[in-house]
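Fold and geometry: a report
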Amino acid sequence: MLGRILGGIATSLLFSAFESWLVAEHFKRNFDQQWLSLTFSKAIFFGNGLVAIISGLFGNLLVDTFSLGPVSPFDAAACFLAVGMAIILSSWSENYGDPSENKDLLAQFKGAAVAIASDEKIALLGAIQSLFEGSMYTFVFLWTPALSPNDEDIPHGFIFATFMLASMLGSSIASRLLARNSPKVESYMQIVFVISSASLMLPIVTSFLVAPLKLKGGGISFSGCLQVLGFCTFEACVGIFWPSIMKMRSQYVPEEARSTIMNFFRIPLNMFVCIVLYNVDAFPITVMFGMCSIFLFVASILQRRLSAIADKPKTEDRAMMKDKDAEGEPLNVM
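Here is what the cut-offs are and how they apply
- Residues numbered from 1 in each chain as written.
- Predicted model: local features only at pLDDT ≥ 70, side-chain atom pairs only at ≥ 80, totals over all residues.
- Heavy atoms only, no water.
- Helix = DSSP H or I, 4+ residues; strand = E, 2+ residues; numbered from the N terminus.
- Buried < 20%, exposed > 50% of the residue type's maximum accessible area, 1.4 Å probe, protein only.
- Contact = heavy atoms within 4.5 Å.
- Areas by Shrake-Rupley, 256 points an atom, 1.4 Å probe, with all protein chains shown as cover.
- UniProt positions renumbered as here; feature names shortened; annotations may be inferred.
- Phe/Tyr/Trp six-rings, centres within 6.5 Å; stacked < 30°, edge-to-face > 60°.
- Polar contact = N/O pair within 3.5 Å; in protein donor to acceptor, adjacent residues only side chain to side chain.
- Patch = residues over 30% accessible without salt bridge, like charges linked within 9 Å, V, L, I, M, F, W, Y side chains within 5 Å.
- Salt bridge = Lys/Arg side-chain N within 4 Å of Asp/Glu carboxyl O.
- Core = buried A, V, L, I, M, F, W, Y, C linked by side-chain atoms within 4.5 Å.
- pLDDT = per-residue confidence, 0-100.
- Expected span 1.5 Å × (residues − 1).
- Arc of directions from axis to C-beta.

**Considerations on the overall build of the chain**
Summing up its helical and strand segments, the chain has twelve helices and zero strands in all. Along its sequence from the N terminus, the chain presents helices and strands in the succession α-α-α-α-α-α-α-α-α-α-α-α. Taken across its 334 residues, the chain has 38% of its residues classed as buried. A sequence separation of at least 24 residues applies to 83% of the contacts in the chain between residues at least 6 apart. For the chain, the accessible surface area stands at approximately 19,600 Å², while carbon and sulfur atoms represent 68% of it.

**A closer look at the UniProt feature "transmembrane region" (unreviewed entry) in the chain**
Taking the UniProt record as the reference, the feature "transmembrane region" (unreviewed entry) is found at residues 40-62, 74-92, 158-179, 191-213, 219-242, 263-279 and 285-302. The distance separating the terminal C-alpha atoms of residues 219-242 is 33 Å; by composition the span is 88% helix and 0% strand.

**Section: unusual backbone geometry**
Unusually for a residue other than glycine, Asn30 sits at a positive phi of about 60°. Summarising the element assignment, Asn30 is placed in the loop between helix 2 (17-28) and helix 3 (33-65). Among the residues examined, Asn30 registers a relative accessible area of 68% and is labelled exposed. We note that Ser67 has phi near 50°; this positive angle belongs to a residue other than glycine. Considering the arrangement of structural elements, one finds Ser67 in the loop between helix 3 and helix 4 (72-91).

**Some details on the packing of aromatic side chains**
Going through the model one piece at a time under the given rule, you end up with 16 aromatic pairs. Taken together, the aromatic side chains of Phe132, Phe139, Trp143, Phe163, Phe193, Phe231, Phe234, Phe241, Trp242 and Phe289 make up a single cluster linked through ring pairs.

**A closer look at the side chain of Ser244**
The topology assignment puts Ser244 in helix 10 (residues 222-252). At 2.7 Å, the side chain of Ser244 forms a polar contact with the backbone oxygen of Ile240. Setting aside residues no more than four positions away along its own chain, Ser244 makes contact with Ala174, Val185, Tyr188 and Met189.

**Regarding a nonpolar patch on the surface**
On the surface, a nonpolar cluster with roughly 540 Å² of combined accessible area is contributed by Leu14, Phe18, Val83, Ile87, Ile88 and Trp92. Assignment of secondary structure puts Val83 in helix 4. Take Val83: its relative accessible area is 49%, and that puts it in the partly exposed class.

**Remarks on the nonpolar core**
Met189, Phe231 and Ile261 are the most contacted members of the largest nonpolar core, which totals 67 residues. Elements with a minimum of two residues in this core: helix 3, helix 5 (105-118), helix 6 (120-147), helix 7 (156-178), helix 8 (185-199), helix 10, helix 11 (258-278) and helix 12 (285-328). Excluding residues that lie within four positions of it along the chain, Phe231 makes contacts with Phe139, Trp143, Ala146, Leu147, Phe163, Leu200, Pro203 and Phe289.

**Some details on the confidence of the model for the chain**
Across the chain, the average pLDDT comes to 83, with 89% of residues at or above 70. Averaged pLDDT values for the elements of the chain fall to 78 in helix 12 and rise to 96 in helix 8. Here residues 329-334 scores under 50 on pLDDT; set against residues more than four positions off or in separate chains, the count is zero contacts.

**Regarding helix 11**
Taking 1.5 Å of rise per residue, 21 residues should cover 30 Å, and helix 11 covers 31 Å from first to last C-alpha, within 8% of that figure. The set of residues buried in helix 11 consists of Arg258, Thr260, Ile261, Met262, Phe265, Arg266, Leu269, Phe272, Val273 and Val276.

**Here we look at helix 5**
With 14 residues, helix 5 should cover 20 Å at 1.5 Å per step; its first-to-last C-alpha distance of 20 Å lies within 8% of that length. Restricting attention to buried positions, one finds in helix 5 the residues Ala112, Ala115 and Ile116. Projected down its long axis, helix 5 carries its buried residues within an arc of 95°, all on one side. Across helix 5 from its buried face, at more than 90 degrees, point the exposed residues Leu106, Lys110, Ala117 and Ser118. Among the structural elements, helix 6 and helix 11 are those in contact with the buried residues of helix 5.

**Notes on the environment of Met291**
Looking at the element boundaries, Met291 is found in helix 12. Between the alpha carbons of Met291 and Ser135 there is a distance of 8.4 Å; along the sequence they are 156 residues apart.

**Remarks on the side chain of Gln303**
Within the secondary structure layout, Gln303 lies in helix 12. Judged by relative accessible area, Gln303 falls into the buried class, the value being 0%. If we ignore the near neighbours within four places in the chain, the residues touching Gln303 are Ile128, Val185, Glu186, Met189, Gln190, Phe193 and Met248.

Put into structure tokens, the structure is as follows:
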């Protein structure tokens, strides 16, 4: 329990402090705005992709080849975390922000709540993030029982590495999309959410179309192979999601409250995951996947709304320019 409490603190820092530090440092050094998108894409490609693949294979090596037991990957992770801590302490400069604007914890959360309530774009972004990440974390707990309903012997480490390879492919696609002016991130993310919703519907479809096996044990089934393809598609969408949501947060979330607002969004996310996992035995696994699919489809609807709001000021500006042009045109007098 103590480990999970510390893990929760570490996760909140991981998904807020690093991104906030990067955005602030990026603008502090007057770097090109476009470089930020490329940095996010490379971070997901190498961090969430390549390193995760190596970690999955290394964990599989410790458990299967060296027979060190299922706890050995966690012990190895502690060693790598210690190395990361030493690198950060020795080589990273701290960003303390403006000392005159230091606020207590309650004031920070109050300011974040006001910012979310006063700006629909921030509220929509938070809802989209919570829906997608909630479905993603639920998927993390569901994919293993989904692929081995009859205690099939499946290579967890290699399947995880395959998922991370798909995530790398997605982040590579995102880097190319973000480098272009069209399509805009608000537009193509609608399609990404729809595809991710359809991919998590595959376990439901296979349960109806493919006859379940009654034999215990054995290798992965044909239904499991089909689901792996769908899950890889979902992981590719995850790879596109991370740099894209980071890009949108850098555009819409104010810098002075970025970390607090990002952690504010994690409150409903963690509540959602806890409720789902607490009731995981009360519903069939297909129902859980169906619920995640619905949430992802709702995220696509909210993303469409965000895209419409983001384009609205530009449309109004163009309309005003046309009005000014019309007023400046000389009248034709016959």
